[in-house]
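# Commentary on secondary and tertiary structure
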Amino acid sequence: MIKLFDVRMDDLPPDYKDVAETIGLEPALKLVQARGGEGVYVPKVEKICRQARDRAIRSEFNGCNHKDLARKYNLTTVWVRQILAGKSGPGNKSNAGSDGQISLF
């Protein structure tokens, strides 16, 4: 019987070969074992880093440096103020629909 870890890079389908080349063959095969047959969503870097960015903004805030923080983190001052207020920024969940999208109406 062939074992999963007998699989070589050239045995993989092209789409999954890209994943294995990015994270390595063994981690890719572990992903197959853990999530095989499922669709796996990979978020953008910005989403993964958002909580850390917001923590940094809160820790660097000195009471009057909204504009500097906005410039440093490539945000608007409105967004920085929303983060400091404990909201996710303009279009926070109270303004968003069930799919997380902001309503235009």
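The preceding data block contains the structure.
Nothing here was measured: the structure is a model prediction, and the numbers come from that model.

### A word on the side chain of His-66
- Mapped onto the elements of the fold, His-66 is located in helix α4 (residues 66-72).
- What makes His-66 buried here is its relative accessible area of 12%.
- Beyond its immediate stretch of four places on either side in the chain, His-66 contacts Phe-61, Thr-77, Val-80, Arg-81 and Leu-84.

### Topic: the pattern of salt bridges
- The tally for this structure, following the rule as stated, stands at six salt bridges.
- Lys-30 is paired through a salt bridge with Glu-26; the nearest N and O atoms lie 3.7 Å apart. Placement of the pair is Lys-30 and Glu-26 together in helix α2 (residues 25-35), with a separation of four residues, close to one helical turn.
- The partner of Arg-71 in a salt bridge is Asp-68, and the shortest N-O contact between them spans 3.4 Å. With a gap of three residues between them, Arg-71 and Asp-68 both fall in helix α4, about one helical turn apart.
- For Arg-71, a relative accessible area of 56% translates into the label exposed.

### A few points about the nonpolar core
- Formed by Ile-57, Leu-69, Ala-70, Leu-75, Val-80 and Ile-83, the largest nonpolar core amounts to six residues.
- Counting only elements with at least two residues in this core, the list comes to α4 and α5 (77-84).
- Residue contacts for Leu-69: discarding those within four places in its chain leaves Ile-57, Glu-60, Phe-61 and Val-80.
- In this structure, Leu-12, Tyr-16, Ala-20 and Leu-29 belong to the second largest nonpolar core, which totals five residues.

### As for helix α3 (residues 45-60)
- The terminal C-alpha atoms of α3, which comprises 16 residues, lie 22 Å apart, in line with the 22 Å expected from a rise of 1.5 Å per residue.
- Of all the bends in α3, the greatest, near 40°, is centred on Gln-51.
- Arg-53, Asp-54, Ala-56 and Ile-57 are the residues of α3 that are buried.
- If you follow the buried residues of α3, they end up packed against α4 and α5.

### Here we look at the packing of helix α1 (residues 14-23) against α2
- At a minimum axis distance of 7 Å, the contact between α1 and α2 shows a crossing angle of 125°. What the angle tells us is that α1 and α2 run oblique. For the pair formed by α1 and α2, the contact residues are Tyr-16, Ala-20 and Ile-23 on the first element and Leu-25, Pro-27, Ala-28, Leu-29, Leu-31 and Val-32 on the second.

Cut-offs used in this document
- Residues numbered from 1 in each chain as written.
- Predicted model: local features only at pLDDT ≥ 70, side-chain atom pairs only at ≥ 80, totals over all residues.
- Heavy atoms only, no water.
- Helix = DSSP H or I, 4+ residues; strand = E, 2+ residues; numbered from the N terminus.
- Buried < 20%, exposed > 50% of the residue type's maximum accessible area, 1.4 Å probe, protein only.
- Contact = heavy atoms within 4.5 Å.
- Salt bridge = Lys/Arg side-chain N within 4 Å of Asp/Glu carboxyl O.
- Core = buried A, V, L, I, M, F, W, Y, C linked by side-chain atoms within 4.5 Å.
- Expected span 1.5 Å × (residues − 1).
- Bend = angle between axes of the 7 residues up to and from the residue.
- Axes fitted to C-alpha atoms, helices over the stretch in contact; angles between N-to-C directions.
- Parallel < 35°, antiparallel > 145°, perpendicular 65-115°, else oblique.

Function-wise, these values are silent; they only describe arrangement.
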